[in-house]
Amino acid sequence: AEEILGFLSSSPERAFTPKEIHEATDVPRGSVGVVLSRLEDRELVRHRGDYWAIADTVDAKKTLSAMTTATAATDRFEPEDPDEWGPGVEREDGQ
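For the structure given in this document, a descriptive report is provided here. Just so you know, these numbers come straight off a predicted model, no measurement behind them.

The next thing to look at is helix α1 (residues 2–9). All buried positions along α1 are accounted for by I4, L5, F7 and L8. One side of α1 holds all its buried residues, which, seen down the axis, span an arc of 165 degrees.

Encoded structure:
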């Protein structure tokens, strides 16, 4: 989803077919439609006919901003390694 959103947001004034999105992102062709439908359910993309574009909504802008921040942090500090997190804190009920 991140790759597709990033691609669509790079040209917010344009719309693309699933084939074009697949070719530009290398997301498997069979996955593109499913991802687009899920993003549409969250109002992050819109479509008309066979063409899809980034939505012009506050949620889409917030999501893109959060993705950019997370990517910048990962680039700066390297990806997290869950094995380095150490043991979790047990709750009083033992879980």
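Picking up where we left off.
Here we take up the packing of α1 against helix α3 (residues 29–41). At their nearest, the axes of α1 and α3 sit 10 Å apart, and the two run at 75 degrees to each other. Relative to α3, the element α1 is oriented roughly perpendicular. The segment α1 lies against α3, with I4, L5 and L8 engaging V32, V35, L36 and L39. Across the contact of α1 with α3, the residue classes break down as 7 nonpolar, no polar and no charged.

A separate point is the environment of D50. Within the secondary structure layout, D50 lies in the loop between β1 (45–48) and β2 (51–54). Residues in contact with D50, not counting those within four places in the same chain, are F16, T17 and P18.

It is worth spelling out the pattern of salt bridges at this point. In total, this model carries 1 salt bridge according to the counting rule given. Between E23 and K19 there is a salt bridge; the shortest N-O distance is 3.9 Å. With E23 and K19 both in helix α2 (residues 18–25), this residue pair falls 4 residues apart, about one helical turn. For K19, a relative accessible area of 48% gives the class partly exposed.

Criteria and cut-off values
- Residues numbered from 1 in each chain as written.
- Predicted model: local features only at pLDDT ≥ 70, side-chain atom pairs only at ≥ 80, totals over all residues.
- Heavy atoms only, no water.
- Buried < 20%, exposed > 50% of the residue type's maximum accessible area, 1.4 Å probe, protein only.
- Helix = DSSP H or I, 4+ residues; strand = E, 2+ residues; numbered from the N terminus.
- Arc of directions from axis to C-beta.
- Axes fitted to C-alpha atoms, helices over the stretch in contact; angles between N-to-C directions.
- Parallel < 35°, antiparallel > 145°, perpendicular 65-115°, else oblique.
- Contact = heavy atoms within 4.5 Å.
- Nonpolar A, V, L, I, M, F, W, Y, C, P; charged D, E, K, R; others polar.
- Salt bridge = Lys/Arg side-chain N within 4 Å of Asp/Glu carboxyl O.

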